Amino acid sequence: MNRCVIICGAPNADVDFIRQAVDPSDDFVICADSGYAYAEKAGIRPDLFVGDFDSFLGILPEDIPKVTLKTHKDDTDSMHCAAVALERGYREVILLAATGGRLDHTLANISVLQYLTENGAKASILSDREEVFFLPKGRYTLDNVEGKTFSVFPFGCPEVVVTYNCKVEYPVEKLKILSSDTIGVSNIFHDDRAEVVVDSGSAVLIVENRL
């Protein structure tokens, strides 16, 4: 198994998309608490359940391994799943059903992306609407993005400086984006392969997941 997929519990996630996004024969699947309900609906048998059973109130099959967490804890279920993924050696991690619903949980899951990235994993949040990345200083290549809308915001820092080495609707070179700015919203890629450079700081990159 080459990739770990964490199914979280954000409300109104697209079950058909989750089914399509997971390869049960090649992905190690962890359900974060109520994420198991999505897996069950999608016909996916997870390799591990991690949670405190505060949001999943159904019956977990006895043959599914589980890590039972305390309800009073410092980290979210998703963060515990990320830690398990790293402990087991996975360096590519996808979070599903991780955005929408409560804003605090969405922000917490972006923090999970930062944690995974800073610990050496390639990580993203994926939904039928968008793909979200945490990008520290460096160069990043994205494929199959022509015509897609994207937005960049500083995350974990007061400002980020970015350059787009590709054709975009609004070209920028070493653009400083403050945490109080909205200038990073709604650019458009005009190349199928794009390069985003984070010259300083760290960013959240949100790419429209339109087919």
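Residues numbered from 1 in each chain as written. Predicted model: local features only at pLDDT ≥ 70, side-chain atom pairs only at ≥ 80, totals over all residues. Heavy atoms only, no water.

(A) Structural view of the pairing of strand E5 (residues 92-96). Judged by how many residues are buried, E5 sits mostly within the fold: four of five residues are covered. Examined bridge by bridge, strand E1 (residues 3-7) and E5 share four bridges and lie parallel to one another. If you follow Val5 over to E5, its bridge partner there is Ile94. The pairing of E5 with strand E6 (residues 122-126) spans five bridges and is classified as parallel. Residue Ile94 lies in a different strand from E6, and its bridge partner there is Ser124. Chirality of the crossover, the property in question, places the unit of E5, helix H4 (residues 103-118) and E6 among those that are right-handed. (Buried < 20%, exposed > 50% of the residue type's maximum accessible area, 1.4 Å probe, protein only. Helix = DSSP H or I, 4+ residues; strand = E, 2+ residues; numbered from the N terminus. Pairing = 2+ DSSP bridges. Right-handed = clockwise from strand over helix to strand, strands pointing away.)

(B) Main features of the sheet that holds strand E14 (residues 203-208). An order of E4-E3-E2-E1-E5-E6-E7-E14-E9-E12 is seen for the ten strands of this open sheet, with the pairing classed as mixed. Each edge of the open sheet carries a strand with a single partner, namely strand E4 (66-68) and strand E12 (187-188). Bridge count for strand E2 (residues 27-32) against strand E3 (residues 48-51) is three bridges, and the pairing is parallel. Bridged to Ala32 within E3 is Val50. Against the sheet, helix H2 (residues 35-42) makes contact with E1, E2 and E3, and its axis sits at roughly 130° relative to E2, the strand it touches most. Contacts between helix H3 (residues 77-87) and the sheet are confined to E1, E2, E3 and E5, with E2 contributing the most and set at about 155° to the helix. (Contact = heavy atoms within 4.5 Å. Axes fitted to C-alpha atoms, helices over the stretch in contact; angles between N-to-C directions.)

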